[in-house]
Amino acid sequence: MLIVMDHGATQGEVDRVVDTITELGYTARPMPGAQRTAVGLVGNDGRVDSSRLAALPGVKEVIHVTQPYKQVSLEWKDEPTVVQLGGGLAVGGNDVVVMAGPCSVESEEQILETAQIVRAAGASVLRGGAYKPRSSPYSFQGLGLEGLKFLAKARDETGLLIVTEALDPEGVDIVAEYADIIQIGARNMQNFSLLKRAGRTGKPVLLKRGIAATITELLLSAEYLLAEGNGNVILCERGIRSFDTLTRNVFDVTAIPLVHSLSHLPIVADPSHGTGRRDKVTPMARAAVAAGADGIIVEVHPQPDRALSDGDQSLYPDQFTELMGQVRTIAEAIGRRVTDALPLPISA
Ligand code: PEP
Ligand code: MN
């Protein structure tokens, strides 16, 4: 439930709404905005007597949020959320943010080399898994803490921010220590204890759509993060499982405008996992940006044929440079622009 205040409502009137919600036994979340000031009532179990709130001075209206996800919905917040990543970089504004890097961190040399490559091409965030969710227990599982340290070194050398995956609730804190964005992978989209733990860090979270998840389920999973008080959520369309074996997944471009019509949260696209095929990544990156994606996350490897994971869908450096040029053109055609890489760190 959302209590929308009059334009001229005083701070005292807002405070009174907050106090009344607290007295009723619920959590109040004041939301000052450019268009309106509202106070969200969190935890509505259907028994809230809204007439008591509607009658308070300064209250314009009480809105009952109809969607099952509440704080994630556009009904709750009608302005796009801009997730601040640090260093002035943000996802969800007018700029399209490009995240790129290998599927897995494989060695110090590999991640440092890839970081330089993607930075030179114009990416502003470095991706790379240190903890890898693999279908087989015998496949490369990632370098773990060592991988996080290599990522931190790459950030120090290039100024790129880091997105990397937390695999389980116990692993969230260590990932949060090193990462600028905590990735929650497709296989973990409904790992609710992981979501709660990531929500409590307050750090930006990249939440990937599950391999067979509906958009409603994706948004409900995001609600877990917001319910913990973490509004820094970036959604990610990464393709869904279907019956056709010619591509790894079906890249659901429609999810992008659909999410924008249901939620204020930004959504980025992952055309690498979305297609599973190197030659299909660039066309789908173009399509994603044209459809309104707030960013893309792309797998790039200096030697894809030697990659320890997802080599088939990893771009060669030259292909990534070409992708960047095309994506810039598309962004400009729809009145957006690709964010510039952050300045090099002073020490570099
Ligand atoms: C990845 O980003 O390498 C990854 C494992 O992605 P997903 O969770 O979307 O499969
Ligand atoms: Mn991968």
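Details of the structure are given in the entry above.
Fair warning: this is a prediction, and the values are worked out from it, not measured in the lab.

### Considering helix H11 (residues 317–333)
Given a rise of 1.5 Å per residue, 17 residues ought to cover 24 Å, and the 25 Å separating the end C-alpha atoms of H11 matches this to within 8%. Within the span of H11, buried status applies to Pro317, Phe320, Leu323, Met324, Val327 and Ala331. Down the axis of H11, the buried side of the element spans an arc of 105°, and every buried residue falls inside it. Facing away from the buried side of H11 by over 90 degrees, the exposed positions are Asp318, Glu322, Thr329, Glu332 and Ala333. On its buried side, H11 packs onto strand E7 (95–101), helix H3 (108–121), helix H10 (278–290), strand E14 (295–299) and strand E15 (337–338). Residue Gly335 follows H11 closely and has a positive phi angle near 75°.

### Things to note about the side chain of Arg209
You can see Arg209 is positioned in the loop between strand E11 (205–208) and helix H7 (215–227). Residue Arg209 is classed as buried on the basis of its relative accessible area, which comes to 4%. There is a polar contact of 2.9 Å between the side chain of Arg209 and the backbone oxygen of Ala213. Excluding residues within four positions of it along the chain, Arg209 makes contact with Ala186, Met189, Thr214, Ile215, Leu218, Cys236, Glu237, Arg238, Ile240, Asp252 and Ala255.

### Digging into the coordination of the manganese ion (ligand 2)
Taken together, the protein ligands of the manganese ion (ligand 2) are Cys103 (SG), His273 (NE2), Glu299 (OE) and Asp310 (OD), with distances of 2.1 to 2.4 Å. Considered as a linear motif, the donors of the manganese ion (ligand 2) on their single chain read C-x169-H-x25-E-x10-D. In this pair, Cys103 sits in the loop between E7 and H3 while Glu299 sits in strand E14, placing the two residues 196 residues apart along the sequence. Accessibility expressed as a relative area gives 3% for Cys103, which makes it buried.

### Section: the environment of Thr158
With respect to the helices and strands, Thr158 occurs in helix H4 (residues 145–158). When neighbours within four sequence positions are excluded, Thr158 is seen to be in contact with Ala115, Gln116, Arg119, Leu344 and Pro345. Polar contacts involving the side chain of Thr158 include one to the main-chain carbonyl oxygen of Ala154, which spans 2.6 Å. Of the polar contacts made by the side chain of Thr158, one reaches the backbone nitrogen of Leu160; its length is 3.2 Å.

### Observations concerning the pairing of E14
Of all 5 residues in E14, 5 are buried, a share of seventy percent or more. Where burial is concerned, the two faces of E14 agree: the one with Gly295, Ile297 and Glu299 and the one with Ile296 and Val298 are both buried. Pairing geometry for E7 and E14, over 5 bridges, is parallel. Directly across from Gly101, in E14, lies its bridge partner Glu299. Pairing of strand E13 (residues 267–269) with E14, which is carried by 2 bridges, proceeds in the parallel orientation. Residue pairing across strands places Val268 opposite Gly295, the latter belonging to E14.

### Description of the pairing of strand E12 (residues 233–237)
Counting buried positions over the 5 residues of E12 gives 5, a clear majority of the element. Neither face of E12 is left uncovered, since the one carrying Val233, Leu235 and Glu237 and the one carrying Ile234 and Cys236 both have all their residues buried. Pairing of E11 with E12 involves 4 bridges; the strand directions are parallel. Bridge assignment links Leu206 to a residue of E12, and that residue is Ile234. With H7 bridging E11 and the parallel E12, this β-α-β connection has right-handed handedness. With 3 bridges connecting them, E12 and E13 associate as parallel partners. If you follow Glu237 over to E13, its bridge partner there is Ala269.

### Side note on the sheet that holds strand E1 (residues 2–5)
Strand order in the open sheet made by the 4 strands is E2-E3-E1-E4, with antiparallel pairing throughout. The sheet terminates laterally at strand E2 (27–32) and strand E4 (59–63), the two strands that pair on one side only. Within the sheet, the average angular offset between the axes of one strand and its neighbour, ignoring direction, is 20°. In this sheet, strand E3 (residues 37–42) lies alongside E1 in antiparallel orientation, the contact comprising 3 bridges. Within the sheet, the bridge partner assigned to Leu2 lies in E3 and is Gly40. Sitting on the sheet, helix H1 (residues 11–23) touches E1, E2, E3 and E4, and the angle it makes with E3 is about 5°.

### Thoughts on the pattern of salt bridges
One pass over the full model with this rule turns up 16 salt bridges. Across the salt bridge formed by Arg197 and Asp173, the nearest N and O atoms sit 3.5 Å from each other. Here the residue Arg197 occupies a position in helix H6 (residues 192–201), and Asp173 occupies one in helix H5 (residues 172–178), the gap between them amounting to 24 residues. Between Asp340 and Arg337 there is a salt bridge, with its nearest N and O atoms 3.0 Å apart. A relative accessible area of 35% means that Arg337 is categorised as partly exposed. Among the charged side chains, a salt-bridge network with shared partners connects Asp95, Arg337 and Asp340.

### So, the layout of surface pockets
When its volume is computed, the largest pocket comes out at roughly 330 Å³. If you trace the largest pocket, you find 17 residues lining it, with Met31, Trp76, Lys77, Thr81 and His264 closest to the centre. If you tally residues by element for the lining of the largest pocket, the top one is E2, at 3 residues. Split by residue class, the lining of the largest pocket holds 5 nonpolar, 7 polar and 5 charged. Empty space within the second largest pocket amounts to approximately 230 Å³. Surrounding the second largest pocket, 17 residues form its lining, Pro133, Arg187, Arg248, His273 and Asp310 being those nearest its centre.

Conventions used here
Residues numbered from 1 in each chain as written. Chains lettered and ligands numbered in written order. Predicted model: local features only at pLDDT ≥ 70, side-chain atom pairs only at ≥ 80, totals over all residues. Heavy atoms only, no water. Helix = DSSP H or I, 4+ residues; strand = E, 2+ residues; numbered from the N terminus. Expected span 1.5 Å × (residues − 1). Buried < 20%, exposed > 50% of the residue type's maximum accessible area, 1.4 Å probe, protein only. Arc of directions from axis to C-beta. Contact = heavy atoms within 4.5 Å. Polar contact = N/O pair within 3.5 Å; in protein donor to acceptor, adjacent residues only side chain to side chain. Donors = N, O, S within 2.8 Å, 3.2 Å for Na, K, Ca; no water. Pairing = 2+ DSSP bridges. Right-handed = clockwise from strand over helix to strand, strands pointing away. Axes fitted to C-alpha atoms, helices over the stretch in contact; angles between N-to-C directions. Salt bridge = Lys/Arg side-chain N within 4 Å of Asp/Glu carboxyl O. 1 Å grid on protein atoms, 1.4 Å probe; cavity = no way out; pocket = protein on both sides within 12 Å on 5 of 7 lines; lining within 4 Å. Points joined across faces, edges and corners; volume = space filled by probe spheres on them. Nonpolar A, V, L, I, M, F, W, Y, C, P; charged D, E, K, R; others polar.

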